[in-house]
Each structure stands twice: as C-alpha cells, then as structure tokens.
2 protein chains.
Amino acid sequence: MTAADLCVTNARVFTCAGPDDAPPAARLAPIEGGAVAISDGRIRFVGPAADAPAAARVIDAGGRALLPGLVDPHTHLAFAGQRVDEMARRMAGEDYRAIAAAGGGIKATVRAVREASDEALFEGTAARARALRARGVTTAEVKSGYGLTVHDELRLLRTARRLDAEGLLHVTTSLLGAHAVPAERQGDRAGYVEEVATSMIDAAVAEGLADACDVYLDDGAFTRDEAARILGAAKAKGLAVRAHVGQFADLGGAELAAELGALSADHLEEVSDAGLRAMAAAGVRAVLLPGAWRTLRQTPPDAARMRALGVRVAVGTDCNPGTSPSVDLPLMAALAVRDAGLTMEEALLAITAEAARAAGVRDAGRLEVGARGDLALLDHDDPRSLTYALGGPPAPLVVLAGRVVEQQAFAPPLW
Amino acid sequence: MTAADLCVTNARVFTCAGPDDAPPAARLAPIEGGAVAISDGRIRFVGPAADAPAAARVIDAGGRALLPGLVDPHTHLAFAGQRVDEMARRMAGEDYRAIAAAGGGIKATVRAVREASDEALFEGTAARARALRARGVTTAEVKSGYGLTVHDELRLLRTARRLDAEGLLHVTTSLLGAHAVPAERQGDRAGYVEEVATSMIDAAVAEGLADACDVYLDDGAFTRDEAARILGAAKAKGLAVRAHVGQFADLGGAELAAELGALSADHLEEVSDAGLRAMAAAGVRAVLLPGAWRTLRQTPPDAARMRALGVRVAVGTDCNPGTSPSVDLPLMAALAVRDAGLTMEEALLAITAEAARAAGVRDAGRLEVGARGDLALLDHDDPRSLTYALGGPPAPLVVLAGRVVEQQAFAPPLW
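Predicted model, so just to flag it, every value in this text is computed and none were measured. (Residues numbered from 1 in each chain as written. Chains lettered and ligands numbered in written order. Predicted model: local features only at pLDDT ≥ 70, side-chain atom pairs only at ≥ 80, totals over all residues. Heavy atoms only, no water.)

**Examining the overall build of chain A**
Using the following cut-off: Counting from the N terminus, the helices are the DSSP runs of H or I reaching at least four residues and the strands are the DSSP runs of E reaching at least two. This radius of gyration counts C-alpha atoms alone. The globule rule is 2.2 Å times how many residues there are, raised to the power 0.38. Accessible surface area values rest on a Shrake-Rupley calculation with a 1.4 Å probe, where residue burial reflects the displayed protein chains alone. Under this rule, positive means Lys or Arg and negative means Asp or Glu; His and the chain ends count for nothing. To locate a charge, take NZ of a lysine, CZ of an arginine, CG of an aspartate or CD of a glutamate.
Each helix and strand counted, chain A has 16 helices and 16 strands in total. For 415 residues, the compact-globule estimate of 2.2 N^0.38 gives 22 Å, and the C-alpha radius of gyration of chain A, at 21 Å, lies within 12% of that figure. For chain A, the spread of C-alpha atoms along the principal axes amounts to about 70 × 45 × 45 Å. Roughly 13,200 Å² of accessible area belongs to chain A as shown, and the carbon and sulfur atoms make up 52% of that amount. Charged side chains of chain A number 43 positive and 54 negative; the gap between the two group centres comes to 1 Å.

**Some details on helix 8 (residues 224-236) of chain B**
All names here are of chain B. The cut-off we apply is this: By definition here, a helix of n residues has an expected span of 1.5 Å times n minus one. Burial classification: accessible surface area is computed with a 1.4 Å probe over protein chains only, and a residue below 20% of its type maximum counts as buried, one above 50% as exposed, and the rest as partly exposed. Taken from the helix axis, the directions to the C-beta atoms give the arc we talk about.
Between its first and last C-alpha, helix 8 extends 18 Å over 13 residues, near the 18 Å set by a 1.5 Å rise per residue. Within helix 8, the full set of buried residues consists of E226, A227, I230, L231, A233 and A234. The buried residues of helix 8 all sit within an arc of 155° when viewed along its axis, so they share a single face. Projecting away from the buried face of helix 8 at angles above 90 degrees are the exposed residues D225 and A236.

**Thoughts on the relation of the copies chain B and chain A**
Definition in use: Alignment of copies: least-squares fit on C-alpha atoms of residues with pLDDT of at least 70 in both copies. By definition, residues are in contact when any of their heavy atoms lie within 4.5 Å.
Mapping chain B onto chain A calls for a rotation angle of 180° and an axial translation of 0.0 Å; the resulting RMSD is 0.0 Å. Considering both components of the superposition, the chain copies are consistent with a two-fold axis. Minimal C-alpha separation from the rotation axis in chain B is found for G391 of chain B, amounting to 3.0 Å. When you check the interface residues of chain B against chain A, 100% turn up at the interface there too, and the contact is symmetric in its surfaces.

**Things to note about the interface of chain B and chain A**
Heads up, the condition is: When two parts are brought into contact, each loses some accessible area as probed by a 1.4 Å sphere; the total of that loss over both is the buried area. Salt bridge, as used here: a side-chain nitrogen of Lys or Arg that lies within 4 Å of a carboxyl oxygen of Asp or Glu.
Facing 48 residues of chain B, the contacting portion of chain A comprises 49 residues. For the pair chain B and chain A, the two sides together bury roughly 3,900 Å², of which 68% comes from carbon and sulfur. Ranking the residues of chain B by area buried against chain A places R338, Y388 and W415 of chain B at the top, with a combined share of 19%. The interface formed by chain B and chain A includes four salt bridges. One salt bridge connects D85 of chain B with R384 of chain A, and the closest N-O pair in it is separated by 3.0 Å. Those elements that place two or more of their residues in the side of chain B that touches chain A are helix 2 (84-91), helix 5 (118-134), helix 11 (290-295), helix 13 (329-340), helix 14 (344-350) and helix 16 (385-388) of chain B.

**With respect to the side chain of T172 of chain B**
Residue and element names in this part refer to chain B. To keep it simple, the criterion reads: The term polar contact refers here to a pair of N or O atoms within 3.5 Å; inside protein, the definition further demands a hydrogen-donor-capable atom paired with an acceptor-capable atom, and it admits residues adjacent in sequence only when both atoms are side-chain atoms.
Its location among the elements puts T172 in strand 8 (residues 170-178). Residue T172 is classed as buried on the basis of its relative accessible area of 8%. Here D211 takes part through its side chain, which lies 3.2 Å from a polar atom of the side chain of T172. Beyond its immediate chain neighbours, meaning those up to four positions away, T172 contacts A140, E141, V142, D211, A359 and V361.

**Here's the deal with the pattern of salt bridges**
Applying the stated criterion across every chain yields a total of 80 salt bridges over all chains. For D382 of chain B, the salt bridge identified is with R384 of chain B, shortest N-O distance 2.9 Å. By relative accessible area, D382 of chain B is classed as buried at 11%. Linked by salt bridges that have partners in common, D20, R27, R285, R312, E354, R357 and R366 of chain A make up one network.

**Focus on helix 7 (residues 189-206) of chain B**
Residue and element names in this part refer to chain B. Stated formally: Fitting axes to the seven residues ending at a residue and to the seven starting there, one defines the bend at that residue as the angle between these axes.
Counted at 1.5 Å a residue, the expected span for helix 7 with its 18 residues is 26 Å, and the 25 Å between its end C-alpha atoms agrees. The axis of helix 7 is deflected most strongly, by about 40°, at V196. For helix 7, every residue scored as buried is listed here: Y192, V193, V196, A197, M200, I201 and A204.

**Here we look at the packing of aromatic side chains**
The test is simple: Only Phe, Tyr and Trp rings are paired, with Trp represented by its six-membered ring, and only when their centres lie within 6.5 Å; those with planes under 30 degrees apart are stacked, over 60 edge-to-face, the remainder tilted.
Per the counting criterion, the structure on display carries six aromatic pairs over all chains. Here Y388 of chain B and W415 of chain B contribute two aromatic rings whose centre-to-centre distance is 5.8 Å and whose plane-to-plane angle is 75°, an arrangement assigned as edge-to-face. Of the two residues, Y388 of chain B sits in helix 16 while W415 of chain B sits in the segment after strand 16 (403-407), which places them 27 residues apart along the sequence. The pair formed by Y388 of chain B and W415 of chain B is uniform in burial state, with each residue classed as buried. Within the aromatic cluster, the residues linked to one another by ring pairs are F79 and Y146 of chain A together with Y388 and W415 of chain B.

**So, the confidence of the model for chain A**
Using the following cut-off: Every residue carries a pLDDT, the predictor's confidence in it, which falls somewhere between 0 and 100.
With 100% of its residues at a pLDDT of 70 or more, chain A has an overall mean of 97. Here the prediction assigns the complex a pTM of 0.98, and the interface score ipTM is 0.97.

**Brief notes about the packing of helix 7 of chain B against helix 8 of chain B**
Two quantities define a packed helix pair, namely the angle between the axes and the distance from one axis to the other. All names here are of chain B. Just so we agree on the cut-off: Working convention: axes come from line fits to C-alpha atoms, limited for helices to the stretch in contact. Angles between N-to-C directions cover 0 to 180 degrees. Any angle that falls under 35 degrees is termed roughly parallel, while one over 145 is termed roughly antiparallel, one within 65 to 115 roughly perpendicular, and all others oblique. Crossings are classed by handedness, with left-handed meaning an anticlockwise turn of the near helix from the far one by less than a right angle and right-handed meaning a clockwise turn.
Taken N-terminus to C-terminus, the directions of helix 7 and helix 8 make an angle of 10°; their axes are 9 Å apart at the nearest point. Looking at the two axes, helix 7 sits roughly parallel to helix 8. Relative to helix 8, helix 7 is oriented so that their crossing is right-handed. Contacts between helix 7 and helix 8 involve R189, V193, E194, V196, A197, T198 and I201 on the former and, on the latter, E226, R229, I230, A233 and A234.

**Let's talk about the pairing of strand 3 (residues 42-48) of chain A**
All names here are of chain A. The test is simple: Here, any two strands with at least 2 DSSP bridges between them count as paired.
As paired strands, strand 2 (residues 31-39) and strand 3 are joined by six bridges and run antiparallel to one another. Along strand 3, the bridge assignment pairs S39 with R42. The turn joining strand 2 and strand 3, which pair antiparallel and follow one another in sequence, is formed by two residues; a positive phi near 50° is taken by D40.

This is the structure:
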C-alpha cells in the first residue's frame, strides 16, 4: 500500500457525516484520538489514529478538533471598488434609496466592476478568498451579479473560476444576472429579463462558467414571474437553481424554490409557514445570512420555526460590499446562534455538511472516504468553540485538496 | 539630533487627537502622506513625512490608514477554565439560573481560577491578549472578579500586570471583588462587602496592583448602597472608580457613577435620562458592550439618545467566558454601529481616544507627541473600514511602545 500524502493525526475528528436527518449531536460525535489521511487530493482514511496509513507528511493535531473544511454557501465575493463612505452615510441615517438614486448602492459596484481590469478584479476577489480561507473555509459559492451585461457577468464568473484554478478555494458558481436591472436598461426591464433567460444563460453554459443560476426575488428586485422565467430557463439548460427569497417581502419565492427543486432559498426574513413547509417537503435548504440582517437592522428569521416545520438550515457570509462586508463564516454562525436561535451544534453543521448541500457540492462538508481532502483544524478540542466566540483568530491549519494552505504556530486555546 | 527608533511613513495618519468636544470628523481629519516617529517608546513626531526625523527603522505604509493602537476599555481577560458546553446549553434554551444553581456560570470560572496554577492562568490570559493585539489593540483595561477572595483577586491582578511587564499589552487594572458574592459567603453577604471595601482594597493598593475599582451594580449582583460603600472606600484610597451599570435593571448606578466622578459606567441597557444627564455633566464615559447584548439577546442601548443627552461613548469587548467570548474589538465597534446606532466615525473614536478616557489612560488612544508609541496600521486607506467590516483579518502592523509586535505581509484591501 502506498503512503498517503498527508495525515493529520491525534485529533478529535468531527466528521459531520451520517444521514441528513440524524440528530446534530450524532453527526458531531467525535472520533477520539482520530486521524484523517489524504491521497491525490481526496480523503482516503478517517478513523482511529492507530489504523491510519503511513503518510509522507504527518501533522500532530495535539488533541484539537478537526473538521471538514468549512463551506460558505452564499457569497458575492467577486466585485471591485469600495463603498465604505456610502456605508458610513447609511449608518448615520441617510436614506439608502436616496444614495442609490444618486448612483450609489449596487450601481456603484457595477460601475467599478465594468471599469476594473480583469487583473484588478481578480486581485481584490483573491484577497477576500484568502481571508475567508484563513478562518477555515475551503469551498465557497460565488455569485456574479455586479456586471449586468453578458460580457461583465461572464467576467465575474471567470474570476470566480480562477480562484479555484489557482488553488485558492474550491468554488461553485451562480449566475446572478438578475441581481438588479442595470441603469442603462431601466426602460427595458422585460427585455433585460429575457436577455438573462436566454443569451446570458446560454453564454455562461456554453463556456461552462455557471454551476447554478440565482435570482434576487424581492420587492424592488425581481418578481416571482420574472424569477420563474429565468430559473426555469436555467433549469432547462441543466443548471441548478437557487434564489434570494423574502429578504424584505414575501412574494412566494419559497414556494417557487420548492416547485423548481432549488438547492436553497436564501435570506428568508419574510416567509410564510406554507412557504417553509414547501421548502421542507422539497428538500430546499434555507440559507441564513446574519451579516445582512445585522447591517440592515432587521428582525432575524426564527430558527425554532424552521426546525418545527422541518426546514434544514445553512449559514453564509453573504460577503458583499453593500449589506454584509464579512469574510468571517464562523462569526456568521455565531451570530445565527445568538440572533436566530440556531443551537451551536446546528450552527456547526450549517457551515459544513448542510452548507455543502445548499451549495450543491456533494463531496465537501463531510469527512468521509472519497470526499475532498479539505480540513479545518481548530485551536480548541470542542468544535462548538467556533460558534461560541464572536470573531476569532485564524484557524491554525487549513488543508485544501491535501495541500496545507494555512498554518499558524499552535497556541493555547483562548477559551 | 539623534535618529528615532522607528518611523512609519507614507501613511494616512488619523490622530484621533484634538479637543474631546470637537466633532468626530475633525478628530479624524487625516494627515495625508504623514509619518509617526517613535523614540524610547514614546511618540516624538506626528506630521508630514517630509518633516519626519531620521529613524533606525523606517516602514513604508503604502498609503494605508495609521491609527493610534486601539484601546479596549472593558475586559475580563484574566480567567481560567472554559464554558463552551454551558453556552451551548444556554443557546439551546436552558435556563441560566438553573445552570448557575448547578454550579455553572461565574461560579464555574471562580472554581477554575482558584484551581489553576499561576502559570496556567497566565498562559490562557496571554493567549487572549495576543489575539486582542492581533486586531490592533495595544492597551486594555483588565478586571479581576473571578477570584472572590483576597488571595485570588490579587492573583488575577498580578496576572494582568504580568501581561504589561512581559510586553504583551499595556494594561490598566480594575479590582472587581464585587463581581459576585462567592458561593462560600452566601450567608455572609454584608461581611463579604465589608471585606472587599477594606482588606481586599487595602491589599491591592498596598501591592500597587489596582489602578481602579469596579462593582457589578445590578439586579442579582450588588445594590447601589453596597456599590457606594465599596467605590467610596476605593476612592478614599486613591483608586479611580467605574461600575457595571444597568445591564438588567436601573438601580441608579449612572447617578452614583456621576456622584463619584467615575471614569465610566458600562453596559447601560437600562438607564434613565436623568442618569445619562448626570453622567454627561460629570464627564463619565458610557462603555457599550455589544458582545454581551448580542449573547444575552437584549435590546441594545440607543446611541442617538446618549448623543442627544451629551454622553460620550466608548466600546469594549467585555471579553469574558460567560456573556461575551470575544477578542475582536473592531468587530465590537462594527456591532455598536449596527445595533446601537453609533456613527462609524464615533465608533472609531470609541475604540481609540474615547476608550482611553474611559480606561483612565492619559497617554494612549491619540497620536500626539509624548504619547505612548503605540500604532495600529490598517489594510485600507479609510479607517472606517474597521467598523464597516464584520470581523476581519489581523492588522498588518501593530507597534507597542515603539516595538513592532505584529506584522503581516501587506495584502490588497478586502473592500
């Protein structure tokens, strides 16, 4: 038997595996004195350290908690420009609509993306990807949505793919041409929707740039009919679908997501019981986005209600320059616990196994043989420390496809 | 003229200096192309780079924002043990009083502190101090309060002083013997209060271990009369005073803090207009603690109301294992903006100049000649980026008394 490439040993291994409907505590039962070995970028062994194969490189985890690399199921990581000053004005009470009407908001970022060189666009996106990874994330869903032309949406998707090609992060992409109607198409809303549903999707599919299609279905964004047109077209072309649903108003997006068999419906501040029941029945994940509800000063969704109605929950950063400037996924999980009432165990699954389901990635978010060789080691023996703390230091060890991509000197646990 | 020890040049320098009652924007007017030079641990020059003195070491900031080292005005950094499991139970809905009655809560940490060796106590405290510093903090207020005997409260204060002696952080200490009545003194509450007011304060003063005295004045903690007895005694011995006020109930603590000329009254979820007016008149700072209000799922204080009544505001981590496990001061400021309505400019002063006033430290929190040579460089040219983002990477450069104590490779800004 050949030696494995890497073995992390003497860890408390939390696989996050097992049936989706097993209780969180069962999915988080540790393998004490465990090891995970990786060959050719894939997990080859998970079990007691004594049974682990020999490996070219062995890292002693010193009894720390070992998780699958974290999965961020909702990001707008690819953008250019900055909106710090706009946020300062909004936080001081200035009206968002007035700022948007004066060319701020999404429009400002669209302008910056169109003006940025491909290299500048990638450089900023890569910096965010690295920051996300430093806290343990190895797989991220990345949306377009700040280009709003076929040309610029494809540039954003290529930027996302390049993160993966250069080994920064595993990336799954969503075409979000229906993020907003671009300024130059305000008089031609129906035409823009048709363009997204036809030539934009076609071009993204032809170049293999999109894994899924997303629509911002909400008051002030796109209607249920428009979303159905676009997501239906995407599905017919073989893309997975997801939607921003109920951030401000319940337009029946949860029901639509269920009808279409979407991977996820995201935000869900405003959603009916019927919508949640439909999602539960169809296996559509709810993706909660605490950065947005905190920044927009909204009432958070209620995890107890989702639990009671059988909806499975993931948590994302929603990393974007307007409403959730964050690259700290464990912090988002910690806020979801405090604000929405997820248990700390649910929150841990919400950024691992459940997040992978929401992202539509089959081989991440779990430590099991054959899955991606992605690991996040914590500075603590209890993985719930990740959602206990509000913010925290970088993960001491992050492994991506069997490569050590982040490593810090081991330090005593903070808590 | 001898060369300075260190000069950080080509920075946007935000001094946070100027009169306390100047508008925040004026205190945050940048020196473009600025430099700060340090000799013998003190700031020797602040101004245009062209006028800076020669220096043994010069660091080019590449146009990034340079701030005074951040100041955390409220921490319980010195403790031992961990309460992750207890937090998980509380977050899942278990009653805190039931947990406390079964030996959890503050009691659990008191037990752990009494059982920990001096070295173990220091090691965990130092790990937290380093994590705090990685985000730019160079001065922290550190309380005792988990010992609750003369012997153990002094051990905690010595641990805090050792952080400073070993060059980890500048520390100012508060004796918080009146954090809780210890389990073994439940039948002798009055006796315990007297002990704090006499032998505990005397011992801390005799050994030079306390800069200030603090009392947890609230429902379920100490009464206004008890606080007045203890803080009055501390003042008579030459200590500064501060208090935990109105976290759960308004017991007149703000008025007491004003009467005593306290440095700060902290928490203030429940406080009357009269209490705030008294604080404003007496120059008592309000210290807001977002980690606690989020973890306890409370309604945050209202910054607009404090502003209208003339109260000056600082923000702290409240770093503690029960209600605010956080070592991320910029995150706390970002939450204070979102939750309490501080402007992003106010929030920046709330963790620099205003925090230093609240901490009772005259020579920190501002970049001016003669002040401590403490600097925090950001990865952005706009210092408001610090309260714009929810969580973030380590500061690229932190200088403590003229020594570079944290340094990261410069990376592109995230936003």
